[in-house]
Amino acid sequence: MRLKKLYCFYILTFFFAYSTFAQETTVSPWPKSTNINQPWARWWWMGSAVDKPNLKKSLLDFHNAGIGGVEITPIYGVKGEENNFIDYLSPKWMEMLDYTIHISDSLHMQVDMVLGTGWPYGGSHVTLPFAATKLVVEKYNVKKGNKIIQEIKADSTKAKIPAKLLYVVAYGANGSYIDLTDQLEGTLLKWTAKKTDYTLYAVFSGKTGQQVKRAAPGGKGYTLDHYSEEALNAYVVPFNNAFKGREGKIRTIFNDSYEVYDTDFTPQFFTEFQNRRGYDLKQQLPKLLSKTDNEIDNRIKADYRETISDLLLNRFDKPWTNWANSKNFKTKLQAHGSPGNLIDLYASADIPECETFGSMPFDIAGFRREQQDIREGDADPVMLKFSSSAAHISGKPLVSSESFTWLRDHFKIALSQCKPEAEELLLNGVNHMFLHGSTYSPEKAKWPGWKFYASANFNETDPTWQDAPSLFSYIANCQSMLQQGKPDNENLLYWPIYDTWNKYQGGTLFLQFKIHSLSEWLKGTSFYDTAKNLISNGYGVDFVSDNFIAQAQVKDGKIVLPGGTFKSLIIPVCEKMPLATLEKLIELKKAGGKIIFEGLPSSVPGYNKYEEQNKKLAALITGNKNSIEPVSDVFKALESAEVYPEKLVNTGLKYTRRTIDGEKIYYLVNHTSKAIDGFIPLQIGNKEVIIFDPLNKDYGNAIVQKKADVTLVKLRIESGQSFILKTENTASQKKWDYYEKAGEPIALKGNWELSFDRGGPKLPAKTTVSTLESWTKLNHDTEAFSGTATYNLQFDAPKTEANNWSLNLGDVRESAEVWLNGTYIGTAWSNPFTINLGKLKKGKNTLTVKVTNLGANRVRDMELRGEEWKIFYEINMVDKDYKKFDATKWSPMLSGLLGPITITPLKQN
């Protein structure tokens, strides 16, 4: 019996030890970290005045901070560094590029670059025939019986660069049309108006004269004609030579937002127009150029706009991607700002990229958004979804973003202010964020180093770099999940771009889809209203264009596109729709697709044979009246189609969702002002759920309530907090630690030792404070100081028994690393500034908090002392409103721990 008991004891001991070992060695369910998960940085090379030691140091700084790659953009230089400037694509420049690639490879980083310097594409090798072009028209009136003898030239005020005469055409008062081009003697016209009065139109191919913005040495010159494949082919010739033997060494070729100003034409436009629209535009010039609002004129203008879009897509963007792919490079494109169908343009690249510009409002408790430091942002969620929709419907796995451009003024961007802006991007489909940005700055450069004019700047010279790895880690953790599987937006929403093209634009012919002018083309449209309505009610939505509808099929009742399958396609109220699109929609409907019409088009777009096509459109609608009857309630229609929303949005949470191997991944964010606590419904039945915390990579199986069509997840998510949820069939991980308050908060008071560790202009003397307030109030040295300071406090453990305590740091300016009794606990860098300490020691405990502020106070002090740091060519230097930068007008920014600081006992439940 004794042996039997001993045997049982050993078995139980072994089982317990094995179980403990197995639990400790369980493989983390977090995806493996890669450089693609991590944020990347746009890296400005000022004057390309780079050298190998500083390139290596900069890349090591990036790597150690958690940045996975760089995107090189050479720009204007620094005064006094002229001898170190390196001409773009010169042998020396290519040597620096090769070295950058070599070091990046050794660090498991990657390199992207622009195809030029500054922006947009252009440079010294762009000759006038291939430079950005504009339409120039001169008019002459000739009375019946009179003869014109005229040298036909463009007005120099319209075309400072001599414009090339293409055509001369005459429009008679009796409605007649005569092409006089073949009667020209060079540019001299001799012609008699015999039958009636005529107005002559002379059509020129003019040049905008625009130069590359912010060009680097060796990169100055005309911007490129973006509607001409011939121009593109000529443009890439130097790059063909430069990249020979370097195929595949660059990951991606980048093209920035469309800032090719006033270019509304290309020399072959009239030929392209006739081939695409089916009629001779020269015969309709008075209507094309009219300033009146009438149906025919608007139709012709719409045809012009569609043709411009077609040329940008088919004569530039697609050939550009094909060229890059032929060299084993990918492409990354910002389509916004362009005069074309954004969905199709974004989808033409391997990686579509959106951008944020300015600051967006958030209701997060304690979130700071001081009006004097911001410019209002343009990151409308609907606008952001154009790029991600293009990726999703075309099957592109990555969606990138230019992030944090002008988030605040220079030296005033806190990590906590970056987080919700990043989250808004992630929620709207971005999974490959690029910081905008970081400026190469050599060690010899005096603080604050070399700076690009458009804030933000992320690099080692900025105080926030101390804790920036926490932000980068958060982004990487989120993206590691959001790059898994496939997007899971179940609904398509048609973008009726023809309504926008056909709209009278106050006499303006050329139309661009800019993020800075959403009210001109997006807001107030039925498309925008439907998109907002669907999103706010919990439906996942991607946008779709006519071109992608043409590629759609139906399989098993679902709509299949190159990028995935969708349960429904919603057509918002629209006036104009191509006949082919409506025919395709009816075909999809008959094949079993869930096509939901909020309205039916009343006309086809365009001018050519539109009356004949309208009859066909009307007959098509009449013949299919029952199957395409518009719905009065899109939500009831979706429910009838068995498409259901995520009701978790009713709690105030925002979400995005992905699918992987039959399971769901949810990214949940609380941007409300209150904590959300309870059981959160997921629109998937009978599942276990793993909770992931992207702030610290904690994870565990949630408490769930299972139902046939929904799973309820127990969750408390504070204001400003986020979690990732992943469903599974059986619980596979340790249990999630649920904590609740076991008592009231206890204020930490006493004498804080305050020492200044790193920063400048000099380190203030060590001091002791009994009241927490901004360190700028202590003395002049602390007022000017930017950097990191350490607070130390000894306190007695409260009598309350608790295995865990929550530390609330109160108002932190701006980030804080926390130690308890010499053990590092973590970094509090975003709202809410709380962190779990674990168990306190009995008796005395020591809390150490290293706080880092912003660079604003040091810059202010420099400028008050007359010390100059703005030593850059071109735009030198502007504030958020593009006015002369002047930090002497600033008040000192609050810095340090402002309190109140409390600890709260926690208990598990």
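Everything below is about the structure shown above.
Presented here is an overview of the structure given in this document. (Residues numbered from 1 in each chain as written. Predicted model: local features only at pLDDT ≥ 70, side-chain atom pairs only at ≥ 80, totals over all residues. Heavy atoms only, no water.)

This paragraph deals with unusual backbone geometry. Here arginine 813 and glutamate 814 are connected by a cis peptide whose omega angle stands at 15 degrees. Relative to the helices and strands, glutamate 814 resides in the loop between β40 (811-813) and β41 (815-820). Between asparagine 831 and the following residue, proline 832, the backbone shows a cis peptide bond with an omega angle of -5 degrees. With respect to the helices and strands, the residue proline 832 is situated in the loop between β42 (823-828) and β43 (834-838). (Helix = DSSP H or I, 4+ residues; strand = E, 2+ residues; numbered from the N terminus.)

Attention now moves to the pairing of strand β10 (residues 188-192). Burial along β10 is one-sided: the face carrying Leu189 and Trp191 is buried and the face carrying Leu188, Lys190 and Thr192 is not. As judged from the five bridges shared by strand β6 (residues 147-151) and β10, these two strands associate in the antiparallel manner. The residue bridging lysine 147 from the neighbouring strand is threonine 192, located in β10. (Buried < 20%, exposed > 50% of the residue type's maximum accessible area, 1.4 Å probe, protein only. Pairing = 2+ DSSP bridges.)

One open sheet accounts for six strands, arranged β18-β26-β27-β33-β29-β30; its pairing is antiparallel. What marks the edges here is a single partner per strand, and that holds for β18 (486-487) and β30 (698-701).

Structurally, phenylalanine 548 is set in helix α16 (residues 546-549). Along the chain, phenylalanine 548 and alanine 347 lie 201 residues apart, while their C-alpha atoms are 9.9 Å from each other. Those residues in contact with phenylalanine 548 that lie beyond four places of it in its chain are Asp344, Ala347, Ile393, Ser394, Leu561 and Pro562. (Contact = heavy atoms within 4.5 Å.)

Another aspect to go through is the sheet that holds strand β19 (residues 491-494). Remark on secondary structure: sheet strands pair via backbone hydrogen bonds, oriented parallel or antiparallel. Overall, parallel pairing links the four strands, which are arranged β20-β19-β24-β25 in an open sheet. If you trace the sheet from one side to the other, it starts and ends with β20 (541-544) and β25 (595-597), each paired once. Looking at each pair of strands side by side, their axes are set apart by 25 degrees on average, direction ignored. Examined bridge by bridge, strand β24 (residues 568-571) and β25 share three bridges and lie parallel to one another. Counted as the bridge partner of isoleucine 570 is isoleucine 596 from β25. Against the sheet, helix α17 (residues 579-590) touches β19, β24 and β25, its axis set at about 125 degrees to β25. (Axes fitted to C-alpha atoms, helices over the stretch in contact; angles between N-to-C directions.)

Counted by the stated rule, this structure contains 63 aromatic pairs. The interplanar angle of 15 degrees and the centroid separation of 5.7 Å between the aromatic rings of tyrosine 121 and tyrosine 235 together place this pair among those described as stacked. Here the residue tyrosine 121 occupies a position in the loop between β3 (110-114) and β4 (122-123), and tyrosine 235 occupies one in helix α4 (residues 229-235), the gap between them amounting to 114 residues. Comparing tyrosine 121 with tyrosine 235, the two get one shared label, buried. A ring pair is formed by phenylalanine 243 and tryptophan 323, whose centres lie 6.4 Å apart and whose planes are at 45 degrees; its orientation type is tilted. Placement of the pair is phenylalanine 243 in the loop between α5 (237-242) and β13 (252-255) and tryptophan 323 in helix α8 (residues 295-326), with a sequence separation of 80 residues. Residue phenylalanine 243 is classed as buried on the basis of its relative accessible area, which comes to 0%. Here the basic side chain of arginine 251 rests over the ring of tryptophan 40, its NZ or CZ set 4.1 Å away from the ring centre. It is lysine 412 that lies over the ring of tryptophan 890; its NZ or CZ is 4.1 Å from the centre. (Phe/Tyr/Trp six-rings, centres within 6.5 Å; stacked < 30°, edge-to-face > 60°. Lys NZ or Arg CZ within 6 Å of the ring centre and 35° of its normal.)

Shape is all these values report; function is a separate question.
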